[in-house]
Amino acid sequence: RYWRLVGLTGGGPLTRQELRVDERILHHLAGVDHLDEQLAGYVAPAVANGRLAPSHARLAERIRELWSQPRNAVPLVQLEGNDAETAREVAARAAAALGAQLFEIDADVLPTAPEALQSLCRLWNREVLLAGGALVVDARGIDAGNRERERRVCRFLDGVIGPTALLTEQVLRGVERAAVILPVAPASRAEQRDAWRSALGGDVGQCNGRLEQLTSHFSLPGRRIESAILQARASAEPGEPLENALWQACRRQSRDRVSGLARRIEAVAGWDDLVLPNAQRELLRDIVTHVRRQVVVHETWGFAGKSSRGLGITALFAGPSGTGKTMAAEVLAHELELDLLHVDLSRVVSKYIGETEKNLGRVFDDAEAGGAILLFDEADALFGKRSEVKDSHDRYANLEISYLLQRMEAYRGLAILTTNLKQALDDAFQRRLRFVVGFPFPGPAARAEIWRRTIPTETPTEGLDFDRLGQLNAPGGTIRTIALHAAFMAADGAVPLRMPHLLAAARRVYAKSELSLTDAETRGWS
């Protein structure tokens, strides 16, 4: 009855109740093995059939050795890292080497009631004794403030037997069962290049040597490399070079790995949409050069072998609100054909100690794996100056800034910080910035040019005087807002866009901000 080989049915005294063989046991005795239906709501077979890099294959062999010990001495294997797909593939390879089926359970579905959790452990342990399965527990993203959930995961891990692996971004310390911690690092660039060549086969020649760029910007496990190639072959137009389709396929394969801590901005702005002095435009083009040629400089020319720090490209865009800082980030993403990830500070910053650092680490890891550009808007809120430690709040706030300093030095992608208050940033950040681009408030000639580029050529216009419009002392963001309001007014009247529409829209936009227009700014608009 402890292993639920038989159960009691009927009522009345114990001696009058019937003994009924459990359905799972009956099928096992009949030679039909399948997962217990009572476990089906919790445990599912782990799907893993991708190719492993040599370093990951060696890790799988190490796990097989650990799991080959006597059942009462099999340790828990904690697979630490943010690449759950690779960790699952490694665990599946180890289980297959033992002749066992790998199953997976999400820590979120573990029962909260102790009796139900104990029953689940017993059912799984019976399954291990019957069929010899292996289990991987996905406990990624355990909230630092949810101690009860963490204790529940630990109780479950202590209660199950047999080969067990834990997927976690941070080591779980509350487990009493003997555990071995094995970090799962991404495959090296050389291993990824070999995986690309192997999966491409005879199509390697169509890449025109762009594999170096692919492995530099995207860090994909074997299964995603194969998926990217299939997607590229299916989406490539007749006569289109496969290298272009591969680049776009890699971007798509990386997008679902982005957590909810950042949102992707569709970059549509180009160089023609950006109105800046020549000096600033040259700095932006220098950033593009550094991103495109970092493989040559870091790896081919050996600069990465000198130090692992400072390999990332960090840029600060500083200037008044509405002067084009975010648009410049879009222009870079559009030019480089990379995704632009806008970091949501409301989700990153947490009141729990250590949670902010973990969220930031996840954002950097996701962006690095997907070759994306990170955009920290209003960066002074996160990268502010460290203060004198007067209480525990100051201490932990300083720890967050110190962690950011270390993480940015190790980041291998492009990170852009925007701020209206450059002087509010910590001095240590400014020393580590490779580029600082100042966005000045536009003068009359620049404002007139912004008006010209803001209103699309498809828009019907009549009598627009861009020089007079340039008299309005407003940045580009405000100009775009006014133009959009005026376009709706004209469209509602089914007439071309005229100066009076822009005057009425400017008054409404300024009234919203509790500002007033001067006669000198709007002279000749009506």
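These notes cover the structure that comes with them. (Residues numbered from 1 in each chain as written. Predicted model: local features only at pLDDT ≥ 70, side-chain atom pairs only at ≥ 80, totals over all residues. Heavy atoms only, no water.)

1. Notes on the overall build of the protein chain
Part 1: Scanning the protein chain from terminus to terminus reveals 21 helices and 14 strands.
Part 2: Burial statistics for the protein chain: of 526 residues in total, 47% are counted as buried.
Part 3: Taking as baseline every contact in the protein chain between residues at least 6 positions apart, the subset at least 24 positions apart corresponds to 74%.
Part 4: Carbon and sulfur atoms provide 50% of the accessible area of the protein chain, an area that totals close to 25800 Å². (Helix = DSSP H or I, 4+ residues; strand = E, 2+ residues; numbered from the N terminus. Buried < 20%, exposed > 50% of the residue type's maximum accessible area, 1.4 Å probe, protein only. Contact = heavy atoms within 4.5 Å. Areas by Shrake-Rupley, 256 points an atom, 1.4 Å probe, with all protein chains shown as cover.)

2. Re the sheet that holds strand 12 (residues 373-376)
Part 1: Strand order in the open sheet formed by six strands is 9-11-12-13-10-14, with mixed pairing between adjacent strands. A single partner strand is all that each edge strand has here, and the edge strands are strand 9 (262-265) and strand 14 (435-438). On average, adjacent strands in this sheet sit at an angle of 25 degrees to one another, irrespective of strand direction.
Part 2: In this structure, strand 10 (residues 313-318) lies alongside strand 13 (residues 414-419), joined through six bridges in parallel fashion. Looking across to strand 13, one finds that Ala318 is bridged to Thr419. (Pairing = 2+ DSSP bridges. Axes fitted to C-alpha atoms, helices over the stretch in contact; angles between N-to-C directions.)

3. What to know about the packing of helix 2 (residues 54-67) against helix 3 (residues 84-97)
Part 1: Axis separation between helix 2 and helix 3 bottoms out at 8 Å; the angle between their running directions is 50 degrees. By the angle between their axes, helix 2 is oblique relative to helix 3. Helix-helix and strand crossings are classified by hand; for helix 2 and helix 3 the assignment is right-handed. Between helix 2 and helix 3, the residues in contact are His56, Ala57, Leu59, Ala60, Ile63, Arg64 and Trp67 and Thr86, Val90, Ala91, Arg93, Ala94, Ala95 and Ala97, respectively.
Part 2: Its residues placed into classes, the contact of helix 2 with helix 3 shows 10 nonpolar, two polar and two charged. (Parallel < 35°, antiparallel > 145°, perpendicular 65-115°, else oblique. Left-handed = near helix turned anticlockwise from the far one by under 90°. Nonpolar A, V, L, I, M, F, W, Y, C, P; charged D, E, K, R; others polar.)

4. As for the nonpolar core
Part 1: Counting 47 residues, the largest nonpolar core has Trp196, Leu246, Leu284 and Phe317 as the members making the most contacts within it.
Part 2: Top contributing element to this core by residue count: helix 12 (residues 325-336), with seven residues.
Part 3: Other than its neighbours up to four places away in sequence, Phe317 contacts Leu284, Ile287, Lys325, Ala328, Ala329, Leu332, Ile416, Leu417, Thr418, Thr419, Val437 and Phe439.
Part 4: With 25 residues, the next largest nonpolar core counts Phe103, Leu110, Val137 and Ala139 among its residues. (Core = buried A, V, L, I, M, F, W, Y, C linked by side-chain atoms within 4.5 Å.)

5. As for helix 20 (residues 499-512)
Part 1: Between its first and last C-alpha, helix 20 extends 20 Å over 14 residues, near the 20 Å set by a 1.5 Å rise per residue.
Part 2: Inspection of helix 20 places Met499, His501, Leu502, Leu503, Ala505, Ala506, Val509 and Tyr510 among the buried residues, and these make up the whole buried set.
Part 3: Summarising the contacts, the buried residues of helix 20 are in contact with helix 17 (444-454), helix 18 (466-469), helix 19 (476-493) and helix 21 (519-522).
Part 4: Looking one or two places after helix 20, you find Glu514, whose phi comes out positive at around 60 degrees. (Expected span 1.5 Å × (residues − 1).)

6. Here we look at the pattern of salt bridges
Part 1: Inspection of every chain in the model, using the stated rule, returns 26 salt bridges.
Part 2: Close ionic contact of Arg126 with Asp22 constitutes a salt bridge, the shortest N to O distance being 3.2 Å. Pair noted here: Arg126 is in helix 4 (residues 114-131) and Asp22 is in the loop between strand 2 (18-21) and helix 1 (23-29), with a separation of 104 residues, a long-range link.
Part 3: Relative accessible area serves as the criterion here: at 2%, Arg126 is assigned to the buried category.
Part 4: Overlapping salt bridges, with partners in common, bring together Glu85, Glu89, Arg223 and Arg224 in one network. (Salt bridge = Lys/Arg side-chain N within 4 Å of Asp/Glu carboxyl O.)

7. Considerations on a nonpolar patch on the surface
Part 1: On the surface, Tyr2, Trp3, Leu5 and Leu129 cluster together to form a nonpolar patch covering roughly 380 Å² of accessible area.
Part 2: Counting through the fold element by element, Leu129 comes out in helix 4. (Patch = residues over 30% accessible without salt bridge, like charges linked within 9 Å, V, L, I, M, F, W, Y side chains within 5 Å.)

8. Looking at unusual backbone geometry
Part 1: The residue Glu337 is not glycine, and still its phi comes out positive at about 55 degrees.
Part 2: Here Glu337 shows up in the loop between helix 12 and strand 11 (340-343).
Part 3: By relative accessible area, which is 33% here, Glu337 ends up partly exposed.
Part 4: The backbone of Glu514 sits at a positive phi, close to 60 degrees, despite the residue not being glycine.
Part 5: As for its placement among the helices and strands, Glu514 is situated in the loop between helix 20 and helix 21.

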